[in-house]
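The chain contents come next:
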Amino acid sequence: MRAAGKIDSQPWMQSSQSRAVLAALAAAGATSRFVGGCVRNALLGRKVDDIDIATEASPPAAMELLERAGIRTIATGLEHGTVTAVLERRHFEITTLRRDAETFGRKARVEFTDDWLEDARRRDFTFNALYCDADGTLYDPFDGRADLQAGRVRFVGSAAARIAEDYLRVFRFFRFLAWYGRPPLDEEAIEAIAAAAPHLAGLSGERVQKEMLKLLAAADPAPAVGLMHRQGALVHWLPETAGAGGLSLLREIEQAAGLAIDPMRRLLALLAPDSDAQRVAARWKLSRAAQARLVAALAAHPRLSGLDARSVRVFVYRLGSETALDRLALHAIRAGLAPDDAALAAALRLAGEWMPPKFPLGGGDVLALGIAPGADVGWLLGTVEEWWIARDFAPDAAACRAELKRAAASRT
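So, here's what we can say about the structure.

Some details on the overall build of the protein
Assigned secondary structure in the protein consists of 21 helices and 10 strands. Against the globule reference of 22 Å for 412 residues, the protein gives a C-alpha radius of gyration of 28 Å, more extended than a compact globule. In terms of its C-alpha atoms, the protein occupies a principal-axis envelope of roughly 90 × 50 × 35 Å. Counting over 412 residues, the protein shows a buried share of 49%. Counting only contacts in the protein whose residues sit at least 6 apart along the sequence, the fraction spanning at least 24 positions is 65%. Taking the average place of the 52 positive charges on the side chains of the protein and the average place of its 51 negative ones, the gap between the two points comes to 3 Å.

So, in C-alpha cells, the structure goes:
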C-alpha cells in the first residue's frame, strides 16, 4: 500500500509501551502498524482507548517475539490470528494480516497473508481500514479518511458482500452511524441492510448486545435506532419497541437535567410499558444484574406519587437511586412531560444526589421491649419505619424508639 499522508504525532503512538511492542514485533523484520479505531479517532481528534496493531508476523511468531522482549501475551483468538500484549496495564490487540477463506454469515475461516491490501479488503468500513506507522505515516487504501471527514459510513467494496460475510455488520453499521455518521446516507448500504434483515435472527445475543449498547452510548443514537427500526433490523432483537421517539425524549431529558449517558436507561426508553423485561434480557443475553434492573424499572409498583422533593426521597429510599432515576425518566417519557420541565429536572437531580438514611431501629430494639421473637417483630419494625418515612426521615433514633413503644402498646 502507498502512503497517504501523515497523522500528527499522538501520545499513544509515542508511549513507551507502544514503542516497546512495535520494537518487539520488528525484531524478526516483520512490519507492524496501528490499525482501525485508534487511527480513525486520531484523525478526528477523539480520545483513543483501545490500540490495535496489524502485523505480518504469524500469531505464534508474534507471541514468541513479544515474550522474548518480556511482554506478557494472551492467546485471545489464535484461530483468527489475534493475540493480546499486556505491558504496564496497557493492552494491545495484535492481529496477523489475514483474508477470509470462507464466510458463513456469522463467522469466517481466515487464512494469514503478508498482503496489506488483502487485509484491508476484509475489513468492514473504509474508515476502519486505515493504518499508520509509528511515525504517523498513513495508509488509506479505500479513501476512508475522506469518508470519515464527510460523516459517510461506507462498506469496503460491496455492501451486500460485506454483510453476507457477517450479518453483525448490520448492527456495526448503525453503531458507527450513531458515532461518526451524518446525512446523506450511503444508499447502497441501506438497500443491502434491508435485504439482510431476515438473516439477523441467526446472530448471537451476546454479539448483538455488545453492538447495541455501544450504539446507545453515542451522544445522539435516536436517528440511527429509528433507521434500524424502519429497515427491519430490530424486528427480531427488539420487537418490543415502536421506534426511537422515547429515546429522543430521554436524550433531551438527559441534557436538561445533566444526567450522564446510560445505555441501559436508553434501552428502557425504547421499550413499551408492557414489555416483558425477562424476555428482552434473555434474548440479549444480559447479565443477571442488568435483567434485574430492567424488571425493576418496568414494574408497576411502587408508584411515584409526585415530583416534589419529599415524594422523590421516598421513591429513592424504596427503590435505590438507579431504579428511581430509571422510573422517573420513564414516567416523564410516558406522561409527555416537557424535557426541560423544572420540576422534572429537580427531581432527577435529587434522585441522583440524595443519599437515603438508614432506618435507625433494628430487631434488638423490639426484643428489648419484651416482645417475643416472631412475626410481631417484623410488623412493629415495619410500622415504625412507615411512620418514619411519612415524616420525611426526620425523626432520630430516640423518637423512633418512642414511637415503637406506642406501637407495641397498641398491639397488645
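Brief notes about the side chain of serine 311
Mapped onto the fold, serine 311 is located in helix α16 (residues 309–319). With sequence-adjacent residues up to four places away left out, serine 311 is seen in contact with Ser305 and Gly306.

Some thoughts on the pairing of strand β6 (residues 90–96)
Bridge count for strand β3 (residues 51–55) against β6 is five bridges, and the pairing is parallel. Counterpart to aspartate 52 in the pairing with β6 is glutamate 93. Alignment of strand β5 (residues 82–87) against β6, held across six bridges, turns out to be antiparallel. From the neighbouring strand, alanine 85 faces β6, where its bridge partner is phenylalanine 92.

With respect to the pattern of salt bridges
Once their charged atoms are close, side chains differing in charge can pair, the charge on each being opposite to the other. Scanning the entire structure with this criterion turns up 27 salt bridges. Linking arginine 175 and glutamate 211 is a salt bridge whose minimum nitrogen-to-oxygen distance equals 2.9 Å. Of this pair, arginine 175 sits in helix α8 (residues 168–180) while glutamate 211 sits in helix α10 (residues 205–216), placing them 36 residues apart in sequence. Accessibility classification places arginine 175 together with glutamate 211 in one group, the buried group. Within the structure, one salt-bridge network assembled from shared partners comprises Asp262, Arg265, Arg293, Glu322 and Asp326.

Points about the sheet that holds strand β10 (residues 137–139)
An order of β1-β10-β9-β2-β3-β6-β5-β4 is seen for the eight strands of this open sheet, with the pairing classed as mixed. Each of the sheet's edge strands pairs with one partner strand only, and the pair in question is β1 (3–6) and β4 (72–77). Against the sheet, helix α2 (residues 16–26) contacts β2 (32–35), β3, β5 and β6, and its axis sits at roughly 30° relative to β6. Running at roughly 60° to β2, helix α3 (residues 37–44) makes contact with β2, β3, β9 (131–132) and β10 of the sheet.

What about the pairing of β3?
Buried residues dominate β3, accounting for four of its five residues. As paired elements, β2 and β3 share four bridges and run antiparallel to each other. In the strand pairing of β3, phenylalanine 34 is matched with isoleucine 53.

Re the packing of α8 against α10
Relative orientation of the contacting elements α8 and α10 amounts to 10°, with a least axis distance of 9 Å. As far as their axial angle goes, α10 and α8 are roughly parallel. Residues Leu168, Phe171, Arg172, Phe174, Arg175, Ala178 and Trp179 of α8 touch α10, and the partners they reach there are Arg207, Val208, Glu211, Met212, Lys214 and Leu215. Grouping the constituent residues of the contact of α8 with α10 by class yields eight nonpolar, no polar and five charged.

Side note on α2
Buried within α2 we find Gln17, Ser18, Val21, Leu22, Ala24 and Leu25. Down the axis of α2, the buried set is contained in an arc of 160°. They therefore lie on one face. Where α2 is buried, its residues meet α1 (11–14), β2, β3, α4 (59–68), β5 and β6.

A short note on the packing of aromatic side chains
Inspection of every chain in the model, using the stated rule, returns 16 aromatic pairs. With a centroid separation of 5.8 Å and an interplanar angle of 50°, the aromatic rings of phenylalanine 127 and tyrosine 180 are classed as tilted. With phenylalanine 127 in the loop between α5 (116–121) and β9 and tyrosine 180 in helix α8, the pair connects residues that are 53 residues apart, well separated along the chain. Plain terms: the ring middles of tyrosine 317 and phenylalanine 393 are 5.1 Å apart, the flat faces sit at 50° to each other, and that makes the pair tilted. With tyrosine 317 in helix α16 and phenylalanine 393 in the loop between α20 (375–390) and α21 (397–411), this pair connects stretches of sequence that are 76 residues apart. Its relative accessible area of 9% is what places phenylalanine 393 among the buried residues.

With respect to the state of the cysteines
Overall, the coordinates contain zero disulfides when judged by the stated rule. Counting only cysteine sulfurs, cysteine 132 is the nearest neighbor of cysteine 38, a cysteine outside any disulfide, at a range of 6.4 Å.

Cut-offs and rules
Residues numbered from 1 in each chain as written. Predicted model: local features only at pLDDT ≥ 70, side-chain atom pairs only at ≥ 80, totals over all residues. Heavy atoms only, no water. Helix = DSSP H or I, 4+ residues; strand = E, 2+ residues; numbered from the N terminus. Rg over C-alpha atoms; globule rule 2.2 N^0.38 Å. Buried < 20%, exposed > 50% of the residue type's maximum accessible area, 1.4 Å probe, protein only. Contact = heavy atoms within 4.5 Å. Lys, Arg positive; Asp, Glu negative; His and termini not counted. Charge placed at Lys NZ, Arg CZ, Asp CG, Glu CD. Pairing = 2+ DSSP bridges. Salt bridge = Lys/Arg side-chain N within 4 Å of Asp/Glu carboxyl O. Axes fitted to C-alpha atoms, helices over the stretch in contact; angles between N-to-C directions. Parallel < 35°, antiparallel > 145°, perpendicular 65-115°, else oblique. Nonpolar A, V, L, I, M, F, W, Y, C, P; charged D, E, K, R; others polar. Arc of directions from axis to C-beta. Phe/Tyr/Trp six-rings, centres within 6.5 Å; stacked < 30°, edge-to-face > 60°. Disulfide = S-S within 2.5 Å.

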